[in-house]
Amino acid sequence: MNEILRNIVQILIDNQAFFEYFITSALIIHFDGKSFNAMVDRNNYKNLQINVLPAPSLVKKDNQIDFSRFESKYRKDIEEFYNVLIKNVDEDILISFYNNIRELVIEDNYTKFSKFRKKAKCLGTYSTDNTIEFFTEYEKSILFHELLHLSSSCVRDGKLYVGFNQMLENSDIGRGINEGYTEYLNQLYFKEPSNSKKYYTYLKNTAALLERVIGHEKMQSFFFKSDLLSLVEELSKYCGSEKARDFIKYTDYVYRYFHDKDHILQNDLIQHAFVNINHILIEAYYNKLKEDNINEHDFNMKLQEYLLLIPERFYSEHKTYYIECAIDMKEYVESLKSREKGHSL
Ligand SMILES: [Zn+2]
């Protein structure tokens, strides 16, 4: 069995629910209340323009960490997080981590579970005043998820940058891809037990597929530098600027749809978002492979492997959310190929 085939089999084993992606509404977020309602206006959704700000400039204050100031209940786990992080990420890009960890406060608010959080099934939050709160029994994987938010966050001129998420007074963009990538890194670095597997499953898978286009080192670096603009520009190289911005818009819509406690968002638009996310990923990966200049056999194998990971159907824990995407991916790839032939003529 050649290596690509072996990879495909491994992927099949890793993704037991292969064609059906479970979308959970369990939340581990990095901000709450205020921005939660700064949602996309559904009537204006398809025409929404995404305005991405450049990354904030970051200056490291200090790289000393006093672990002794953390409550003993969390201390060992914070040290583990630190040790694994520096093994996986170049210290030069861990500026926000060092700046924020110095002031980290952890609050166990399990017993004070508020109505809002109960309804939204919020398990933990990270706020940019460097507070992590728990609204469920302590779970290491939730702490690590929130610490990844801490490691990629900063506040500049009243704007909040959290990984790929940018929060301004009247807009909140990149949240979908940010939560997906945060949880993807959480599982990539820490390989925590089954518990963590249930969070952000669809968005995590989408972020992993995007990473195959961008490349791990690059995407990881953009994340820790809160650099959504570079991510969008890199993706633009493979599918154009408009589609790259649309990708951010549609992944935000998916996030909001599944965490919309008022159910104001509609099914026809979520279908539109899913289909477009798939199309953009396939087109970008197709063009990336073209650029890699590999032989035709490897090209087809890699493309096939990628297509197998693109989700076609979705269901959530709420039975009402069963969604079937009407997308013929083979047909779409054929259309990309013929478009390309058209260009070369
Ligand atoms: Zn989160």
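Residues numbered from 1 in each chain as written. Predicted model: local features only at pLDDT ≥ 70, side-chain atom pairs only at ≥ 80, totals over all residues.

(A) Region of interest: the nonpolar core. Counting 64 residues, the largest nonpolar core has L231, L235, V254, L281 and A284 as the members making the most contacts within it. Among all residues touching V254, those that are not within four sequence positions of it are G176, Y202, L203, I270 and A273. (Core = buried A, V, L, I, M, F, W, Y, C linked by C-beta atoms within 7 Å. Buried ≥ 20, exposed ≤ 12 C-beta atoms within 10 Å, placed from the backbone. Contact = placed C-beta atoms within 7 Å.)

(B) Broad picture of the sheet that holds strand β7 (residues 159-162). Sheet architecture is open: 4 strands sit in the order β6-β7-β8-β9, paired in antiparallel fashion. The open sheet has two free edges, formed respectively by β6 (153-156) and β9 (172-173), since each of these has just one partner strand. (Pairing = 2+ DSSP bridges. Helix = DSSP H or I, 4+ residues; strand = E, 2+ residues; numbered from the N terminus.)

(C) Spotlight on the packing of helix α2 (residues 72-88) against helix α5 (residues 140-150). At a minimum axis separation of 11 Å, α2 and α5 run at an interaxial angle of 50 degrees. Considering their axes alone, α2 and α5 lie oblique with respect to each other. Like other packed secondary-structure pairs, α2 and α5 cross with a definite hand, here right-handed. Counting all contacts with α2, which are made through Y74, D77 and F81, the residues of α5 involved are K140, L143, F144 and L147. Grouping the constituent residues of the contact of α2 with α5 by class yields 5 nonpolar, no polar and 2 charged. (Axes fitted to C-alpha atoms, helices over the stretch in contact; angles between N-to-C directions. Parallel < 35°, antiparallel > 145°, perpendicular 65-115°, else oblique. Left-handed = near helix turned anticlockwise from the far one by under 90°. Nonpolar A, V, L, I, M, F, W, Y, C, P; charged D, E, K, R; others polar.)

(D) Region of the structure containing the pairing of strand β5 (residues 131-134). The pairing of strand β3 (residues 105-108) with β5 spans 4 bridges and is classified as parallel. Among the inter-strand pairings, V105 is bridged to a residue of β5, identified as T131. Both strand β4 (residues 122-127) and β5 contribute to a ladder of 4 bridges, which runs antiparallel. Considered in β5, the bridge of G124 is made with F134. The turn joining β4 and β5, which pair antiparallel and follow one another in sequence, is formed by 3 residues; a positive phi near 70 degrees is taken by N130.

(E) Just helix α8 (residues 216-224), in detail. Looking at α8, one finds that the buried residues are M219, Q220, F222, F223 and F224. Looking at the buried side of α8, the elements it contacts are α3 (95-101), α6 (175-190), α7 (201-214) and α9 (228-239). Phi turns positive one or two residues past the end of α8, at S226, with a value near 55 degrees.

(F) Just the environment of L150, in detail. One can find L150 in helix α5. Under the C-beta neighbour-count criterion, L150 is labelled buried, with 23 such atoms within 10 Å. Measuring from C-alpha to C-alpha, the distance between L150 and F224 comes to 9.5 Å, with 74 residues separating the pair along the chain. When near neighbours in sequence (up to four residues on either side) are disregarded, L150 contacts F97, N100, I101, L104, Y126 and N130.

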